[in-house]
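Structural overview
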Amino acid sequence: MRSVSDTEAQQARNWLDARGMTFVTGPDEETDLTDRQILEQLKMYIAAVRMAHAFGCDAIGIQYQQGLKDMAPASDLAEGCSTM
């Protein structure tokens, strides 16, 4: 996730926006969804897809509650994108 570039995450965000996905964002990272959090979640999705591809997986799980919650925004967007 940390090796995914800001540019790649922004390209994914642009793709979602172009297809009509709407995000309601706010300024406070504690109480609102922020644009930075969206890009971090998209980095998580891109990293998960790369790992699944590298290991030949048909499906993977994101163990968000096992410590990832302390270092990354919620994985909801990454998990939701995997069903698209």
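Small disclaimer: the values here were computed from a predicted structure and weren't measured. (Residues numbered from 1 in each chain as written. Predicted model: local features only at pLDDT ≥ 70, side-chain atom pairs only at ≥ 80, totals over all residues. Heavy atoms only, no water.)

**A word on the overall build of the protein chain**
We apply this condition: Starting at the N terminus, helices and strands are each numbered in turn, a helix being any DSSP run of H or I of at least four residues and a strand any DSSP run of E of at least two. Any residue under 20% of the maximum accessible area for its type is buried, any over 50% is exposed, and the rest in between are partly exposed; the area is computed with a 1.4 Å probe on protein chains only. Contacts: residue pairs with any heavy atoms within 4.5 Å of one another. Method for areas: the Shrake-Rupley scheme with a 1.4 Å probe, in which residue coverage is limited to the protein chains shown.
In terms of regular secondary structure, the protein chain is built from three helices and zero strands. What you see in the protein chain, going N to C, is helices and strands ordered as α-α-α. Put simply, the protein chain has 84 residues, and 31% of those count as buried. Considering only residue pairs separated by 6 or more positions, the protein chain has 62% of its internal contacts joining residues 24 or more positions apart. Carbon and sulfur atoms provide 53% of the accessible area of the protein chain, an area that totals close to 5,700 Å².

**Observations concerning the pattern of salt bridges**
Threshold: By convention in these notes, a salt bridge is any Lys or Arg side-chain nitrogen within 4 Å of a carboxyl oxygen on Asp or Glu.
What the rule picks out here adds up to seven salt bridges. Close ionic contact of Arg2 with Glu40 constitutes a salt bridge, the shortest N to O distance being 2.9 Å. Of this pair, Arg2 sits in the segment before α1 (6-18) while Glu40 sits in helix α2 (residues 35-55); the two residues are 38 residues apart in sequence, bridging distant segments of the chain. Arg2 sits in the exposed class, given a relative accessible area of 55%. A relative accessible area of 12% means that Glu40 is categorised as buried.

**Looking at α2**
Test applied: By this rule the span expected of a helix is its residue count minus one, scaled by 1.5 Å.
Here α2 contains 21 residues, and its C-alpha end-to-end distance of 31 Å stays within 8% of the 30 Å for a straight helix at 1.5 Å per residue. What α2 keeps buried is the set Gln37, Ile38, Glu40, Gln41, Leu42, Lys43, Met44, Ile46, Ala47, Ala48 and Ala52. Looking one or two residues past α2, Gly56 carries a phi angle of roughly 70 degrees, positive in sign.

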